[in-house]
Amino acid sequence: MALSRANSCRRYLLLLAQDNVEFRLPEIKSLLSVCGCQFQSPQEFNINSPFLVLDIHNEEIARRVMKRTVCAKSLFELWGRGSTAQELRASLTSYPAVHMKPFLQSDSTYRINICTFNKTLSQAEKIKRIDALDYLPFEGKVNLKTPEHIFCLLEDYGTDPNDIPEEPFHIYFGRWIADGQRGLIESYSIKKRHFIGNTSMDACLSFIMANHAKVKANDLVFDPFVGTGLTFEVQPL
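Residues numbered from 1 in each chain as written. Predicted model: local features only at pLDDT ≥ 70, side-chain atom pairs only at ≥ 80, totals over all residues. Heavy atoms only, no water.

Describing the packing of aromatic side chains
To describe a pair of aromatic rings, one takes the distance between the centres and the angle between the planes.
Next up, step 1: The full count for this structure, using the stated rule, is eleven aromatic pairs.
Next up, step 2: Geometrically, the ring pair formed by Phe51 and Phe117 is edge-to-face, given 6.4 Å between the ring centres and 90° between the ring planes. A residue pair is termed long-range when its members are at least 10 positions apart, and Phe51 in strand β2 (residues 51-56) and Phe117 in strand β4 (residues 109-117) qualify at 66 residues. Here Phe51 matches Phe117 in class, with each residue buried.
Next up, step 3: Ring centres 4.4 Å apart and planes at 10° place the aromatic pair Tyr110 and Phe138 in the stacked group. (Phe/Tyr/Trp six-rings, centres within 6.5 Å; stacked < 30°, edge-to-face > 60°. Helix = DSSP H or I, 4+ residues; strand = E, 2+ residues; numbered from the N terminus. Buried < 20%, exposed > 50% of the residue type's maximum accessible area, 1.4 Å probe, protein only.)

A short note on the sheet that holds strand β1 (residues 10-16)
In a beta sheet, neighbouring strands are held together by backbone hydrogen bonds and run either parallel or antiparallel to one another.
Next up, step 1: With mixed pairing, the seven strands of this open sheet are ordered in space as β2-β1-β3-β7-β6-β4-β5. Looking at which strands have only one partner, the edges of the open sheet turn out to be β2 and β5 (141-142).
Next up, step 2: Relative to β5, β4 runs parallel, the two being bridged by two bridges. Along β5, the bridge assignment pairs Thr109 with Lys141.
Next up, step 3: On top of the sheet, helix α5 (residues 123-131) reaches β4 and β6 (149-156); it is set at about 125° to β4, its chief contact. (Pairing = 2+ DSSP bridges. Contact = heavy atoms within 4.5 Å. Axes fitted to C-alpha atoms, helices over the stretch in contact; angles between N-to-C directions.)

Looking at the environment of Cys115
Next up, step 1: Along the chain, the position of Cys115 falls in strand β4.
Next up, step 2: Linking Cys115 and Lys126, residues eleven residues apart in sequence, is a C-alpha distance of 9.0 Å.
Next up, step 3: Beyond its immediate chain neighbours, meaning those up to four positions away, Cys115 contacts Leu15, Cys152, Leu153, Leu154 and Glu155.

Describing the side chain of Thr109
Next up, step 1: Its place among the elements puts Thr109 in strand β4.
Next up, step 2: Assessed through its relative accessible area of 17%, Thr109 is described here as buried.
Next up, step 3: Here the side chain of Thr109 touches Glu148 through a polar contact of 3.0 Å, landing on its backbone nitrogen.
Next up, step 4: Those residues in contact with Thr109 that lie beyond four places of it in its chain are Lys141, Asn143, Thr146, Pro147, Glu148 and His149. (Polar contact = N/O pair within 3.5 Å; in protein donor to acceptor, adjacent residues only side chain to side chain.)

Put into structure tokens, the structure is as follows:
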């Protein structure tokens, strides 16, 4: 499946968290708007899926989104995708070499991660999938601990844990760009507060509200629950 994109956008893959699912897409749309970019996706979004393909003008905008989102786990520059290994290979081999080359140099180091949704693979199965990517022109050295570049093969086995297929519905491969701000949820957890009132809000929802409202530096924010709520506390972030 060849990747086509409108205008000069690059294609990215978002790996979303599986909580607050109804707020994930609105949060991403709001953050893109804050960055002066319109939401563009080549596919209809499945609200229960953790995968979202986006067309974004450049990597700088993509990184700015990831510096604020709490609904997304990771972002990848999408190099190829398909419903089968053969389709993935065709998609990857048609990806512009000029976009790949800077990350495949002989003096660079890299690592390939395997990520599956709704299915667990053995280590042997993961290694087999990595070995099957030998058609990619990697020239650098493998470094599992501190690589310069991280790539990821992601497999989607659907959303029904009681009906897991033998083969994935979708396979993606891309270069890791950035992780989201999921760590802030734990840092600002209500459990760590010295005082909890009956209006104390979940930290994740507070961050989502700030992002939905497109709060920026120097904006005036009104919080009717200031004192026990968490809305004010997360705004500067």
